[in-house]
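Here is what each chain is made of, one letter per residue.
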Amino acid sequence: MTTPHEWYLFLDDLKNQVQDHEFNTWLRPLSFISREDGLLRIGAPAPFYKQWVTDNYLPLVERMAAFRFGEPSAIEIVVLEDESAPAISPSEPSSATTTDFPAPAQPARQLGGLDPRYTFDRFVVGKANEFAHAASFAVANNPGQTYNPLFIYGGVGLGKTHLLHAIGHLVREKNPAMQVCYIDAEKFTNEMISSMRHQRGGMQDFKSKYRNVDMLLMDDVQFIAGKEQTQEEFFHTFNALYSHQRQIVVTSDKLSTEIPDLEKRIQSRFEWGLVADIGAPDLETKVAILNRKAETDRIPLTQEVAFFLASTIQTNNIRDLEGALNKLGAHSSLMNKDITVELAKKVFASLINATPKEIQPEAVLKAVAELHGVKVSDLKSDRKHKVVVLPRQIAMYLLRQMTPLSYPDIGTRFGGRDHTTVMHAVKKIEQKIKDDVSLKNTVDTLRKALEG
Ligand code: ADP
Ligand code: MG
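The structure displayed is predicted, hence computed values, not measured ones.

Peer 1: Give me the packing of helix 17 (residues 386-402) against helix 20 (residues 437-451): which residues, what numbers.
Peer 2: Where helix 17 contacts helix 20, the two axes come as close as 11 Å, and the packing angle between them is 50 degrees. As far as their axial angle goes, helix 20 and helix 17 are oblique. In the crossing of helix 17 with helix 20, the sense of the turn from one axis to the other is right-handed. Within the contact between the two elements, helix 17 uses Ile394, Tyr397, Leu398, Gln401 and Met402 and helix 20 uses Leu439, Thr442, Val443, Leu446, Arg447, Leu450 and Glu451. Residues of the contact of helix 17 with helix 20, tallied by class, amount to eight nonpolar, two polar and two charged.

Peer 1: Give a description of the sheet that holds strand 5 (residues 180-184) that names residues and reports values.
Peer 2: Reading across from one edge, 5-6-7-4-8 is the order of the five strands in this open sheet, with parallel pairing throughout. One side of each edge strand has no neighbouring strand; the edge strands of this open sheet are strand 5 and strand 8 (274-278). Between one strand and the next, the sheet's axes are offset by a mean angle of 15 degrees, whatever the strand orientation. In this structure, strand 5 lies alongside strand 6 (residues 215-219), joined through five bridges in parallel fashion. Looking at strand 6, one finds that Tyr182 is bridged to Leu217.

Peer 1: Give me the lowdown on the packing of helix 7 (residues 202-211) against helix 8 (residues 228-243), citing residues and values where you can.
Peer 2: One can describe the packing of helix 7 onto helix 8 by two numbers: an axis separation of 9 Å at closest approach and a directional angle of 40 degrees. Between helix 7 and helix 8, the crossing angle belongs to the class labelled oblique. Helix 7 and helix 8 meet at a crossing whose hand is right-handed. Taken together, the residues of helix 8 that come into contact with helix 7 (itself represented by Met203, Phe206, Lys207, Tyr210 and Arg211) are Glu233, His236, Thr237, Ala240 and Leu241.

Peer 1: Residue-level account of the pairing of strand 6, with values.
Peer 2: Among the five residues of strand 6, five are classified as buried, and the element is accordingly described as predominantly covered. Burial of strand 6 is two-sided: the residues Met215, Leu217 and Asp219 facing one way and the residues Leu216 and Met218 facing the other way are all buried. Here strand 6 runs beside strand 7 (residues 247-252); their pairing, made up of four bridges, is parallel. Bridging from a neighbouring strand, Met218 pairs with Val250 of strand 7.

Peer 1: Explain the confidence of the model for the protein chain to me, and be specific about the residues and the numbers.
Peer 2: Per-residue confidence for the protein chain gives a mean pLDDT of 87; residues scoring 70 or more make up 90%. Looking across the protein chain, the model is least confident in helix 14 (residues 349-354), with a mean pLDDT of 69, and most confident in strand 7, with 98. Overall, residues 83-111 carries pLDDT values under 50, and its contacts beyond four positions in sequence, including any with other chains, amount to 36 contacts.

Peer 1: How would you explain the nonpolar core if you had to name every residue and give the values?
Peer 2: Counting 49 residues, the largest nonpolar core has Phe10, Leu14, Trp26, Tyr57 and Leu328 as its most contacted members. In terms of residue count, the dominant contributor to this core is helix 3 (residues 47-69) (eleven residues). Counting residues in hydrophobic clusters, the runner-up holds 28 residues, among them Val368, Ala369, Leu399 and Leu405.

Conventions adopted
Residues numbered from 1 in each chain as written. Chains lettered and ligands numbered in written order. Predicted model: local features only at pLDDT ≥ 70, side-chain atom pairs only at ≥ 80, totals over all residues. Heavy atoms only, no water. Axes fitted to C-alpha atoms, helices over the stretch in contact; angles between N-to-C directions. Helix = DSSP H or I, 4+ residues; strand = E, 2+ residues; numbered from the N terminus. Parallel < 35°, antiparallel > 145°, perpendicular 65-115°, else oblique. Left-handed = near helix turned anticlockwise from the far one by under 90°. Contact = heavy atoms within 4.5 Å. Nonpolar A, V, L, I, M, F, W, Y, C, P; charged D, E, K, R; others polar. Pairing = 2+ DSSP bridges. Buried < 20%, exposed > 50% of the residue type's maximum accessible area, 1.4 Å probe, protein only. pLDDT = per-residue confidence, 0-100. Core = buried A, V, L, I, M, F, W, Y, C linked by side-chain atoms within 4.5 Å.

In structure tokens:
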């Protein structure tokens, strides 16, 4: 048990390790939640505190916790719900009685494993996710009646977990009596293993727990692939639920047929219902997501900075995008500066420098010509000799790959050729590279030289 007094001592330890302003800005606002089995749970007032402390002070916090509490501690930082949210009854009211110590902050409401922030309201719809969003919304409104199962797949950080939680929230809101089970495939696996090992009758409990829910939301189902016993258990759970028209929704980072070592019988069941993919967000969606998040976290973000971030942070992972915004918010508050493009440029300087340099079209022509011992003017001419035809096609291909020029733009640079000629050339090189090793080497060499 950690007393308020011990928590204060711990804060003091931290205070001695960092500058005052750092302590006051980042560490003082942290609050104690619990310490059990070597896990110290700490509350942070907003997501960007959590991010900042994680990025900058985690090793220190770990070290000091081990020092103060005499055991190596795993640290979990939990973002606390904002004050406007409905109050949560404290789980340990007695621990808040000391008058000189603020009441221990309460962990975010667990909601049976559903993150309160992952709702449909907060999900920004764009081209790449509108289908998955619509399917999720339909399923939440008519569980078991429309698409069963619903299989949502897409890359990391594209919003799969968010949608899955959103379904859970909406279903519970509409029908509080409904037993909605959200589980991560990894947790499912671990729980199964421990119920096999540790308890008598544990396996029976495990089976009946999952086979009797009204709705199963399983996240990252690709995790069960290659695990025989888990797949067996999942298969029977699936069948039990499906035969009673209970809704099943799963997410995966890949299409079911592309998950290696996933049993065929499970693979095929995932295709019984509806398969919806989430793709990479376009620029507009990224901007909208940044705006929405800035609003929720009360980070003052102008349109200009939102655009700058969305186009500079070269990622499709929305979590990274959110991380960038948090980082910017943290810098701005720490340095007491407004969030401007200038500040953003400073904060993300390393990213900006790392973006590939702009390739000059003429440099491409020159490099190709030199390597093949022809003249740039030959490439642009309409000579049809094979000595110039291949280099010309390579140059068109590289221009298309390495510059933002369109097919017609490229055609113009080759003596006003038609865009279809360029398309044909590009396709031809793409094809040839696949089995012509020497051509592939040539192209790679040129590319490297140009990227220099
Ligand atoms: P995945 O499960 O696909 O890896 P998550 O659902 O965990 O991705 O999303 C990563 C983060 O991005 C979460 O904080 C989530 O709220 C946010 N996010 C993803 N897509 C959207 C969206 N369309 N609108 C708003 N936030 C989103
Ligand atoms: Mg996820």
